[in-house]
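Each chain, letter by letter, is given below.
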Amino acid sequence: GAPSRFHAVMSEMARLGAAGTHHAAAESGAGWVASGVARRPSRIVRLHAAIHSVLACEPGRALALLRSIEDEVKEDSVVGDFLSPAVTAWTALASYLAGDHERADTEIVEFARLDVPPFVQEQTFRPAALIVEAYRSIDKLDLSAAEETVASAFSPPGPGAPGPLAGKRPLCSAQAWLCC
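Below you will find a few notes about this structure. Residue positions are counted from 1 within each chain, in the order its sequence is given. Side-chain atom pairs in this predicted model are given and counted only at pLDDT of 80 or more, local residue features only at pLDDT of at least 70, and totals for whole chains, interfaces and linings cover all residues. The basis for the side-chain values is all heavy atoms of the structure; hydrogens and waters are excluded.

## Describing the packing of helix α3 (residues 39-55) against helix α4 (residues 59-76)
Okay, step 1: Fitting a line to C-alpha atoms yields each axis, with helices limited to the stretch in contact; the angle taken between N-to-C directions then spans 0 to 180 degrees. The helix count covers DSSP runs of H or I at least four residues long, the strand count covers runs of E at least two residues long, and both are numbered beginning at the N terminus. Between α3 and α4, whose axes approach to 8 Å, the crossing angle comes to 150 degrees. Viewed along their axes, α3 and α4 adopt a mutual orientation that is roughly antiparallel. The crossing of α3 and α4 is left-handed. Along the contact surface, α3 presents Arg 39, Arg 43, Arg 46, Leu 47, Ala 49, Ala 50, Ser 53 and Val 54, while α4 presents Pro 59, Arg 61, Ala 62, Leu 65, Leu 66, Ser 68, Ile 69, Glu 72, Val 73 and Asp 76.
Okay, step 2: Gly is placed with the polar residues, together with every amino acid not listed as nonpolar (Ala, Val, Leu, Ile, Met, Phe, Trp, Tyr, Cys and Pro) or charged (Asp, Glu, Lys and Arg). Its residues assigned to classes, the contact of α3 with α4 comprises ten nonpolar, two polar and six charged. An angle below 35 degrees is read as roughly parallel, one above 145 as roughly antiparallel, one from 65 to 115 as roughly perpendicular, and any other as oblique. Should the near helix be turned anticlockwise from the far one by less than a right angle, the crossing is left-handed, and should it be turned clockwise, the crossing is right-handed. In what follows, residue pairs with any heavy atoms lying within 4.5 Å of each other are defined as contacts.

Structure below.
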């Protein structure tokens, strides 16, 4: 019946994901959901299909899958259920990866409101939220000022005076250095 098909598709998605074929895993989940199933299993499969879409570097597809369930998930949310914070966290990450930093910030604020442990499946969403928070923190740094500071260390401060690291070659730009 429906529960055994749900477990079969979740197993298939997990197997494909473990093999690194996240696009195929997302396709598997999206195909099963299209066949018309009960609401909660459908939402869970869409969430996992969206996660695999993010991992397959397809944030647009992930956002489409998440948008298709986010209103229902938020409406039916109860304290302790993992689905609403998971959808919110992965929407934040997919939004960030798609370049919609404003939406990512909004989703992180919403996630903080929803993040009331204990959750049984914390690993389903907490890493996504932390990744977005880390990236947004880095984005808010003034990297151009940092780059200028690093560059000034390699160039003379005035006519004829060598910089403290004159003659040395910088290994990478300030932005690359922060990511190294």
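## Re the pattern of salt bridges
Okay, step 1: Should a side-chain nitrogen of Lys or Arg be within 4 Å of a carboxyl oxygen of Asp or Glu, the pair is scored as a salt bridge. Throughout the structure, instances matching the rule amount to eleven salt bridges.
Okay, step 2: Among the salt bridges present, the one from Arg 15 reaches Glu 12, with a minimum N-O distance of 2.9 Å. Placement of both Arg 15 and Glu 12 in helix α1 (residues 2-18) is noted, with a separation of three residues, approximately one turn of the helix.
Okay, step 3: Overall, the relative accessible area of 29% leaves Glu 12 in the partly exposed class.
Okay, step 4: When the shortest N-O distance is used, the salt bridge between Arg 113 and Glu 110 registers 2.6 Å. With Arg 113 and Glu 110 both in helix α6 (residues 101-114), this residue pair falls three residues apart, about one helical turn.
Okay, step 5: Taking relative accessible area as the criterion, Arg 113 reaches 55% and is therefore assigned exposed.
Okay, step 6: Look at the salt bridges and you will find they share partners, linking Arg 39, Arg 43, Glu 72 and Asp 76 into a network. Relative accessibility thresholds used throughout: buried, under 20% of the residue-type maximum; exposed, over 50%; partly exposed, between the two (1.4 Å probe, protein chains only).

## Brief notes about the nonpolar core
Okay, step 1: The criterion is simple. A nonpolar core is a set of buried Ala, Val, Leu, Ile, Met, Phe, Trp, Tyr and Cys residues joined through side-chain atoms within 4.5 Å. Counting 37 residues, the largest nonpolar core has Val 45, Leu 47, Phe 82, Trp 90, Phe 125 and Val 132 as its most contacted members.
Okay, step 2: Per-element tally for this core: the top contributor is helix α5 (residues 83-97), with nine residues.

## A short note on α5
Okay, step 1: In this scheme, a helix's expected span is set at 1.5 Å multiplied by one less than its residue total. Its 15 residues give α5 an end-to-end C-alpha distance of 21 Å, which sits within 8% of 21 Å, the value for a rise of 1.5 Å per residue.
Okay, step 2: Across the 15 residues that make up α5, a large majority, 14, are buried.
Okay, step 3: The first or second residue beyond α5 is Gly 99, which carries a positive phi of 90 degrees.

## Overview of the packing of α3 against α5
Okay, step 1: As a packed pair, α3 and α5 sit with axes 10 Å apart at the nearest point and diverge in direction by 30 degrees. Between α3 and α5, the crossing angle belongs to the class labelled roughly parallel. Here α3 and α5 pass one another in a crossing that is left-handed. Residues Arg 40, Arg 43, Ile 44, Leu 47, Ile 51 and Val 54 of α3 lie in contact with α5, whose contacting residues are Leu 83, Ala 86, Val 87, Trp 90, Leu 93, Ala 94 and Leu 97.

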